[in-house]
Amino acid sequence: EVFWPIDYIATRIAGARFELKRVKDDSIVWTNKPINTLLSKPNCIMGWRELVYQHHIYKLCTGNAFFRAALSDISSDVRIWRWCSNYWTLPADKVRLQPTSMGKTLPLFGIADKNEIIDHYRLELSVRGSMDIPVEQIWHDRDGSVEFVSGTMFLKSNSRLMSLKKPISNLIAVYEARNVIYVKRGAIGFIVGQKQDQTGSVALTEKEKKNLRDELNAKYGVATGQSPYGISDIPVSFVRTNLSISELQPFDETLADAIAIAGAYGIPSVLVPRKDQSTFSNQATAEKSVYCGMVIPMAKRFCADLTSFLGLEQDGYYLDGDFSDVDCLQQGLKEAGEDKKLVN
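Rules of the game
- Residues numbered from 1 in each chain as written.
- Predicted model: local features only at pLDDT ≥ 70, side-chain atom pairs only at ≥ 80, totals over all residues.
- Heavy atoms only, no water.
- Core = buried A, V, L, I, M, F, W, Y, C linked by side-chain atoms within 4.5 Å.
- Buried < 20%, exposed > 50% of the residue type's maximum accessible area, 1.4 Å probe, protein only.
- Helix = DSSP H or I, 4+ residues; strand = E, 2+ residues; numbered from the N terminus.
- Contact = heavy atoms within 4.5 Å.
- Axes fitted to C-alpha atoms, helices over the stretch in contact; angles between N-to-C directions.
- Left-handed = near helix turned anticlockwise from the far one by under 90°.

## Observations regarding the nonpolar core
Part 1 of the reasoning: Judged by nonpolar contacts, the single largest core of 56 residues is most densely connected at I9, Y87, L306 and L310.
Part 2 of the reasoning: Looking at this core element by element, the count peaks at 12 residues for helix α8 (residues 283-310).
Part 3 of the reasoning: If sequence neighbours within four positions are ignored, I9 has contacts with L60, Y265, I267, M294, V295 and M298.
Part 4 of the reasoning: Core analysis: the next-biggest nonpolar cluster, separate from the first, contains 15 residues, V95, Y121, I133 and I138 among them.

Shown next, in the form of structure tokens:
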């Protein structure tokens with residue numbers, strides 16, 4: 001319920017066809033070796049689509065993504081693309097922004113360069129310790145407003161999930177309740193003895209309770225070799241103290257929470273997976289709206305910001321994401337063409 005909308009958007013952005021184009025005529029550049037390497041194998045362990053997917057997973061989940069151009073030294077040339085051959089998306093939850101120690105108040109909200117506010121980025125890895133990365137090698141891509149208070153969130157953005165604490169808490173409670181029933185954690189009821197004598201009810205002895213408990217746990221249940229019902233030579237009855245799966249209505253609750261979480265990411269409720277796999281006639285339209293309202297704008301912003309970070313505009317280039325082969329968008333263009341013919 002939480003990861004689905006994040007994966008939905010990130011997968012579709014990573015599925016775009018990314019191209020290098022010329023600013024002057026928007027023509028595709030096929031022979032730029034450094035950018036061709038970036039768009040195919042940005043580093044030694046992952047391809048371009050995997051890098052883009054990981055970048056947006058971190059951005060949508062944590063509110064921050066850190067794109068690193070790994071250079072051997074700091075160059076004064078802003079055209080990073082000419083000198084860099086290794087690009088990484090850093091684990092956003094492990095990155096800290098270290099303010100400059102100038103002995104005075106940071107020049108926030110004033111006239112300042114980036115390196116006058118941020119001294120370096122620190123990647124904190126539990127196995128290898130920490131790594132300090134120069135400011136010039138990092139593009140910090142935020143998904144929300146900037147947090148200016150010093151600390152672990154300094155100049156970072158809060159995740160959209162911060163506004164969804166209640167739905168997520170509900171999901172945790174529902175899954176906990178279901179887990180209690182399925183794996184028999186905690187009492188779902190009591191076995192009460194029905195023995196009687198002339199004076200009234202007679203309680204089960206400790207030995208009788210132990211024998212009954214051992215027999216139930218060993219022979220009865222839904223596992224292999226167990227019986228779905230039990231037989232007791234002691235007169236007993238069962239008093240339930242917990243709700244059943246059907247009474248909890250977990251699927252209704254999880255669907256409502258999933259719709260709330262998806263809505264925070266701009267995904268209509270008709271696209272949220274349901275237990276009965278029901279579909280709606282307007283699903284194609286809804287998917288198109290997600291592309292037009294969320295996926296494509298986010299991909300365009302990614303390309304524009306990455307173009308600026310790499311310094312491509314200095315040489316008259318820019319990166320672009322092409323979604324022309326997406327089925328729902330093609331269907332929309334086809335319908336628009338048919339409507340135009342009818343009008344003519």
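Having seen it, we continue.
## Observations regarding the packing of helix α1 (residues 3-14) against helix α3 (residues 48-62)
Part 1 of the reasoning: Relative orientation of the contacting elements α1 and α3 amounts to 145°, with a least axis distance of 8 Å. Handedness of the α1/α3 crossing: right-handed. Contacts from F3, I6, D7, I9, A10, T11, I13 and A14 of α1 reach α3 at R49, V52, Y53, H56, I57, L60 and C61.

## Some words on unusual backbone geometry
Glycine aside, negative phi is the norm for most residues, and most peptide bonds take the trans geometry.
Part 1 of the reasoning: One non-glycine residue with positive phi stands out, namely D26, at about 60°.
Part 2 of the reasoning: With respect to the helices, strands and loops of the structure, D26 is situated in the loop between β1 (17-22) and α2 (33-38).
Part 3 of the reasoning: Look at L155: it is not a glycine, yet its phi comes out positive at around 60°.
Part 4 of the reasoning: Mapped onto the fold, L155 is located in the loop between β7 (138-142) and α4 (165-182).
Part 5 of the reasoning: According to the relative accessible area criterion, L155 is buried, its value standing at 8%.

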